[in-house]
Amino acid sequence: MISTQWPCPLPAGGVNSEMALVAEGGDHVGGAQRLLVIPALLGEANQMRRFTVEVMRRLCAAGIPCVLPDLPGTNESLSPLAAQTPGDWQHAMAGAARHFGATHVLTIRGGAMLAPNDLPGWRYAPCTGATQLRHLLRTRIVAAREAGIAETQDGLLALGRAEGLDLAGMWLSADFITEFLGRVPDAEAPHRDILQEALSCGGGLWLRAEPGEDAGQADALAAIIAMALADGRPA
Amino acid sequence: MPAAHPDTDQNLRRILADVLALKPEVVAGFTADTGLFGHLPELDSMAVATLLTELEDRLHITIEDDEIDGDLLDTYSHLLAFVTAKQAA
């Protein structure tokens, strides 16, 4: 597992250098299959990071190289989060797919909304932007209530669409919030959904208050993908 | 108030187990009077936000801000009655 840099295409043209985590062994360099992994978004990115990397380790051990690019504005990125929109992220992931020569894609949770549609693949526990935003708003409302401040979803959304909003410590621009609200995983994309029930071992780790790990769930998700690839089923 | 459908009861227990990382045998032992908020250490205010979102997603209901009060998460039977009424609406 190594960190590397890749030229991330910018919406207005040009590139920025971003980081990516690459899992590949010497014996399958140049192999036919390479999986682009698109991470969970916003607050869930932290909860799901370890699980995501654990799945990559297992796939790599099964002979499937994987690459997990940073979304611009997250992790080690030099770009500010406040300057991003979901469309920019999708553009970036399409660039990552080209740069790394991905043949398939695996998305985690909200990452499903950013998947390149020209690659076959899988969407683990996909969710919509509206659902994820609603949870972030509710978390803020609960915290505000404990501080004696009354906020409502409608009020926060109106403010967010006009001026942007701080949600769980992340500043999201008005453009981001407006666009994210309408984002859904593409129903026409050649991607198969893998729901949490298919892992048959408890609740999803994005529900946890703190980042956790679950070897059984990582085994199950990696096995579904490795078997599908071994069978030659595109998705 | 409509009686809770057995599926709703099971789904609610499953959601509580998933969100609060409780063992299945713990949630299976919940009775109507089992206290939730203020009784289960796992159910802090942040977990409340997660629980409400998960209830909406998995039970296909919408919970408004003004419906979230102290009674809602008081006991298991209160929460079950709430989601049952929501599903019937």
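Residues numbered from 1 in each chain as written. Chains lettered and ligands numbered in written order. Predicted model: local features only at pLDDT ≥ 70, side-chain atom pairs only at ≥ 80, totals over all residues.

1. Here we look at the overall build of chain A
Line of reasoning, step 1. Across its full length, chain A holds 6 helices and 9 strands.
Line of reasoning, step 2. Its C-alpha radius of gyration of 18 Å places chain A within 12% of the 18 Å reference for a compact globule of 235 residues.
Line of reasoning, step 3. Long-range pairs, those at least 24 residues apart, make up 64% of the contacts in chain A between residues at least 6 apart in sequence. (Helix = DSSP H or I, 4+ residues; strand = E, 2+ residues; numbered from the N terminus. Rg over C-alpha atoms; globule rule 2.2 N^0.38 Å. Contact = placed C-beta atoms within 7 Å.)

2. Re the overall build of chain B
Line of reasoning, step 1. A count of helices and strands for chain B gives 4 helices and 0 strands.
Line of reasoning, step 2. A compact globule built from 89 residues would reach a C-alpha radius of gyration of about 12 Å, and chain B, at 12 Å, matches this within 12%.
Line of reasoning, step 3. Intrachain contacts of chain B at a sequence separation of at least 6 include 64% that bridge at least 24 residues.

3. Some words on the interface of chain B and chain A
Line of reasoning, step 1. The interface is formed by 15 residues belonging to chain B together with 15 residues belonging to chain A.
Line of reasoning, step 2. When residues of the side of chain B that touches chain A are traced back to their parent elements, those giving at least two are α1 (6-20) and α3 (45-59) of chain B.
Line of reasoning, step 3. The class makeup of the residues in the side of chain B that touches chain A is 8 nonpolar, 3 polar and 4 charged. (Nonpolar A, V, L, I, M, F, W, Y, C, P; charged D, E, K, R; others polar.)

4. Quick word on the confidence of the model for chain B
Residues and elements named next belong to chain B.
Line of reasoning, step 1. For chain B, the average pLDDT comes to 89, and 97% of its residues sit at 70 or higher.
Line of reasoning, step 2. Per-element confidence in chain B is highest for helix α4 (residues 76-88), whose mean pLDDT is 94, and lowest for α3, whose mean pLDDT is 90.
Line of reasoning, step 3. Overall fold confidence (pTM) sits at 0.92, and the ipTM for the predicted complex is 0.82. (pLDDT = per-residue confidence, 0-100.)

5. What to know about the packing of α1 of chain B against α4 of chain B
Residues and elements named next belong to chain B.
Line of reasoning, step 1. For the pair α1 and α4, interaxial distance at closest approach is 10 Å and the crossing angle is 125°. It follows that α1 is oblique to α4 by the angle criterion. When the axes of α1 and α4 are compared, the crossing they make is right-handed. Two secondary-structure elements touch here, α1 through T8, D9 and L12 and α4 through L79, L80, V83, T84 and Q87.
Line of reasoning, step 2. For the contact of α1 with α4, the per-class residue count stands at 4 nonpolar, 3 polar and 1 charged. (Axes fitted to C-alpha atoms, helices over the stretch in contact; angles between N-to-C directions. Parallel < 35°, antiparallel > 145°, perpendicular 65-115°, else oblique. Left-handed = near helix turned anticlockwise from the far one by under 90°.)

6. A closer look at the sheet that holds strand β1 (residues 2-9) of chain A
Residues and elements named next belong to chain A.
Line of reasoning, step 1. Within the open sheet, the 7 strands sit side by side as β1-β2-β4-β3-β5-β6-β9. Their pairing is mixed. Unpaired on one side and paired on the other, β1 and β9 (191-194) mark the two borders of the sheet. Recorded for the sheet is a direction-independent mean angle of 25° between the axes of neighbouring strands.
Line of reasoning, step 2. Direction of pairing for strand β3 (residues 35-38) relative to strand β5 (residues 104-108): parallel, over a ladder of 4 bridges. By the bridge assignment, L35 is partnered in β5 with H104. (Pairing = 2+ DSSP bridges.)

7. Topic: the domain arrangement of chain A
All names here are of chain A.
Line of reasoning, step 1. If you check the domain split of chain A, you get domain 1 (2-128 + 184-230) and domain 2 (129-182).
Line of reasoning, step 2. A straight line from the C-alpha centre of domain 1 to that of domain 2 covers 25 Å.
Line of reasoning, step 3. Split into classes, the residues belonging to the side of domain 1 that touches domain 2 amount to 7 nonpolar, 6 polar and no charged. (Domains from an automatic or database assignment.)

8. Overview of unusual backbone geometry
Residue and element names in this part refer to chain A.
Line of reasoning, step 1. One non-glycine residue, L42, lies in the positive phi region at around 55°.
Line of reasoning, step 2. Turning to its location among the elements, L42 is positioned in the loop between β3 and α1 (43-61).
Line of reasoning, step 3. A positive phi angle is found at R109, which is not glycine, with a value near 50°.
Line of reasoning, step 4. Position of R109 relative to the elements: it lies in the loop between β5 and β6 (121-124).

9. Thoughts on the environment of G111 of chain A
Residues and elements named next belong to chain A.
Line of reasoning, step 1. Residue placement: G111 occurs in the loop between β5 and β6.
Line of reasoning, step 2. Judged by the 28 C-beta atoms lying within 10 Å of it, G111 is buried.
Line of reasoning, step 3. Expressed as a C-alpha distance, the spacing of G111 and G129, which sit 18 residues apart in the sequence, is 10.0 Å.
Line of reasoning, step 4. Residue contacts for G111: discarding those within four places in its chain leaves I38, P39, A40 and L41. (Buried ≥ 20, exposed ≤ 12 C-beta atoms within 10 Å, placed from the backbone.)

10. Comments concerning the pairing of β5 of chain A
Residue and element names in this part refer to chain A.
Line of reasoning, step 1. The element β5 is extensively covered by neighbouring structure, given that 5 of its 5 residues are classed as buried.
Line of reasoning, step 2. Alternating positions in β5 separate into two faces, H104, L106 and I108 on one and V105 and T107 on the other, with burial throughout.
Line of reasoning, step 3. Note that β5 and β6 share 4 bridges and pair parallel. When the bridges of β6 are listed, I108 appears paired with Y124.

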